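# Descriptive analysis of the structure
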Amino acid sequence: MSYKILAINPGSTSTKLALYENEARIFERSLPHTAKELEPFEEILDQFEFRKKLILEALREANVDLQELSAVVGRGGMMPNMKAGGYVANEAMVNTLREGLASPHASNLGALLARDIAAPMGIPAYIYDAVTSDEMEQVARFTGMPEVSRKSFCHVLNMRAVSRKVAVKYAKRYEDMNILVAHLGGGISLSVHHKGKIVDCIRDDEAPFSPERAGTIPALELVDLCYSGQYTRQEMIRKFRGKGGLKAYLGTQDLREVLDMSQNGDKLAADLLEAEVYQIAKAVGQLAPVLSGKYDCIILTGGMVYSEELVEKIRERICFIAPVEVVPGEFEMEALALGALRMIDGQEQAREYVHP
């Protein structure tokens with residue numbers, strides 16, 4: 001049977017759309033949003049009507065007939081009480097988002113847009129692999145401070161998507177494999193997948209530094225910096241996310257530029273690339289004992305993985321743990337659509353979200 005699925009992925013500066021017929025992508029569009037366009041909206045959820053209008057206009061221009069859709073799926077946002085996999089975009093989820101119980105993030109619009117666009121056709125609306133999906137084991141949650149508990153926060157959607165791709169290569173089910181995934185992009189996170197569940201992870205704020213994020217910082221020096229009086233709370237957050245990592249040292253977050261700088265004799269760029277490789281490999285090693293080293297493979301994914309030079313240096317340091325698979329880029333739109341497809345045809349059960 002043929003199913004047509006519309007996937008919607010709201011980001012901070014764009015809304016991505018894709019139309020799939022079963023497993024084949026037949027349309028894709030990225031709708032950019034300038035700072036000036038978004039300036040009038042005080043809160044992210046205030047952008048709902050603005051983004052919905054642009055989506056419907058883009059679909060009309062592409063001659064997409066909404067009546068032919070079987071389902072609409074949106075990017076899962078920052079809601080509490082989430083597990084990995086698919087959820088119906090139900091009333092409880094809408095209430096959670098509208099009441100401000102989800103951390104502010106553009107992805108929160110995914111459920112609202114999917115539900116609103118699907119409603120006139122009477123077709124299901126879903127989200128899939130929300131950012132805050134959390135299935136970590138209790139042993140992984142403890143820190144040295146009772147006030148602080150570790151929570152899962154990683155590139156869930158892409159990590160599980162590439163894990164399913166690699167499982168096909170191995171002629172196995174994702175749910176039967178042990179996989180360690182390193183997502184290397186503008187931010188870096190790593191996760192351990194045990195029989196289809198992410199049981200532990202290294203978040204971007206405790207991971208290696210990346211092109212634009214600071215990663216792990218020695219705690220005492222960080223405390224001193226926070227109380228130095230030089231920075232506001234928001235400025236410190238920006239030093240972590242957006243203005244940290246390679247950008248803080250070299251003024252650019254473009255890895256290609258950094259590689260060129262290194263090849264042209266820039267010693268700082270060369271040293272930073274070596275440190276990047278070293279820290280990524282060390283983070284992989286940090287997670288290796290979670291499953292006692294018993295991994296089917298390690299997957300390197302994300303935009304940084306397009307650099308063969310970087311990949312080979314990382315591979316040299318970690319291949320003793322398990323075979324290394326390389327899946328460059330991100331597969332978020334495909335992951336959303338195929339997740340919805342599995343729910344529609346009964347391969348996967350959609351969960352009902354419960355208001356916290």
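All of these numbers come straight from a predicted model, not from anything done at the bench. (Residues numbered from 1 in each chain as written. Predicted model: local features only at pLDDT ≥ 70, side-chain atom pairs only at ≥ 80, totals over all residues. Heavy atoms only, no water.)

For the rest of this paragraph, the subject is the packing of aromatic side chains. Enumeration over the complete set of coordinates arrives at two aromatic pairs. A centroid spacing of 5.5 Å and a plane angle of 40° characterise the contact between Phe 41 and Phe 50, whose relative ring orientation is tilted. Ring geometry for Tyr 87 against Tyr 353: centres 6.2 Å apart, planes inclined by 70°, an arrangement best described as edge-to-face. Here Tyr 353 lies in the segment after strand S12 (351-352) and Tyr 87 lies in strand S5 (residues 86-88), a separation of 266 residues in the sequence. Owing to a relative accessible area of 4%, Tyr 87 belongs among the buried residues under this scheme. Its end group placed over the ring of Phe 48, Arg 98 keeps NZ or CZ at 5.4 Å from the ring centre. (Phe/Tyr/Trp six-rings, centres within 6.5 Å; stacked < 30°, edge-to-face > 60°. Helix = DSSP H or I, 4+ residues; strand = E, 2+ residues; numbered from the N terminus. Buried < 20%, exposed > 50% of the residue type's maximum accessible area, 1.4 Å probe, protein only. Lys NZ or Arg CZ within 6 Å of the ring centre and 35° of its normal.)

Next up on the list: the domain arrangement of the protein chain. Examined at the domain level, the protein chain breaks down into domain 1 (4-135 + 332-352) and domain 2 (156-328). A separation of 27 Å is found between the C-alpha centroids of domain 1 and domain 2. Summing the contributions of domain 1 and of domain 2, the shared interface buries around 960 Å²; its carbon and sulfur component is 55%. When the buried surface of domain 1 facing domain 2 is broken down by residue, Asp 129, Glu 135 and Glu 332 rank first, second and third, together holding 48% of it. Joining domain 1 to domain 2, the criterion identifies three salt bridges. (Domains from an automatic or database assignment. Buried area = accessible area lost by both parts, 1.4 Å probe. Salt bridge = Lys/Arg side-chain N within 4 Å of Asp/Glu carboxyl O.)

Inspection of the secondary structure puts Asn 108 in the loop between helix H3 (91-98) and helix H4 (109-118). In this structure the side chain of Asn 108 is engaged in a polar contact, spanning 2.8 Å, whose partner is the backbone oxygen of Ser 103. Among residues more than four places away in sequence, those in contact with Asn 108 are Leu 45, Gly 77, Met 78, Leu 97, Ala 102 and Ser 103. (Polar contact = N/O pair within 3.5 Å; in protein donor to acceptor, adjacent residues only side chain to side chain. Contact = heavy atoms within 4.5 Å.)

Overall, mixed pairing links the seven strands, which are arranged S3-S2-S1-S4-S6-S5-S12 in an open sheet. In this open sheet, the two edge strands, each paired with only one partner strand, are strand S3 (24-32) and S12. Most of the contacts of helix H2 (residues 48-61) go to S3, to which it runs at about 135°, and overall it touches strand S1 (4-10), strand S2 (14-21) and S3. (Pairing = 2+ DSSP bridges. Axes fitted to C-alpha atoms, helices over the stretch in contact; angles between N-to-C directions.)

All right, on to the pattern of salt bridges then. For the coordinates displayed, the defined rule picks out 25 salt bridges. Note that Glu 91 and Arg 115 form a salt bridge whose closest N and O atoms lie 2.7 Å from each other. Of this pair, Glu 91 sits in helix H3 while Arg 115 sits in helix H4, and the two are 24 residues apart along the sequence. Residue Arg 115 is classed as partly exposed on the basis of its relative accessible area, which comes to 29%. The partner of Arg 315 in a salt bridge is Glu 312, and the shortest N-O contact between them spans 3.4 Å. Of this pair, Arg 315 and Glu 312 both sit in helix H11 (residues 308-318), three residues apart, which is roughly one turn of the helix. What makes Glu 312 partly exposed here is its relative accessible area of 38%. Here the salt bridges do not stand alone but share partners, grouping Arg 164, Arg 173, Glu 175, Asp 176, Arg 342 and Glu 348 into one network.

We now examine unusual backbone geometry. Backbone phi values are negative for most residues with the exception of glycine, while trans is the configuration of most peptide bonds. A positive phi angle, close to 55°, is found at Asn 22, a residue other than glycine. Taking the relative accessible area as the measure of exposure, Asn 22 reaches 25% and is therefore partly exposed. Notably, Asn 63 is not glycine yet its phi reads approximately 60°, a positive angle. Its location among the elements puts Asn 63 in the loop between H2 and strand S4 (71-75).

Once that is clear, we can look at the pairing of S4. Of all five residues in S4, five are buried, a share of seventy percent or more. Inspection of the sheet shows S1 paired to S4 by four bridges, in the parallel sense. Opposite Ala 7, over in S4, you have Val 73 as the bridge partner. Note that S4 and strand S6 (residues 125-128) share four bridges and pair parallel.

Once that is clear, we can look at the pairing of strand S9 (residues 197-202). Buried residues dominate S9, accounting for five of its six residues. With five bridges joining them, strand S8 (residues 188-194) and S9 adopt antiparallel strand pairing. Each residue of the ladder has a partner; that of Ser 191, found in S9, is Cys 201.

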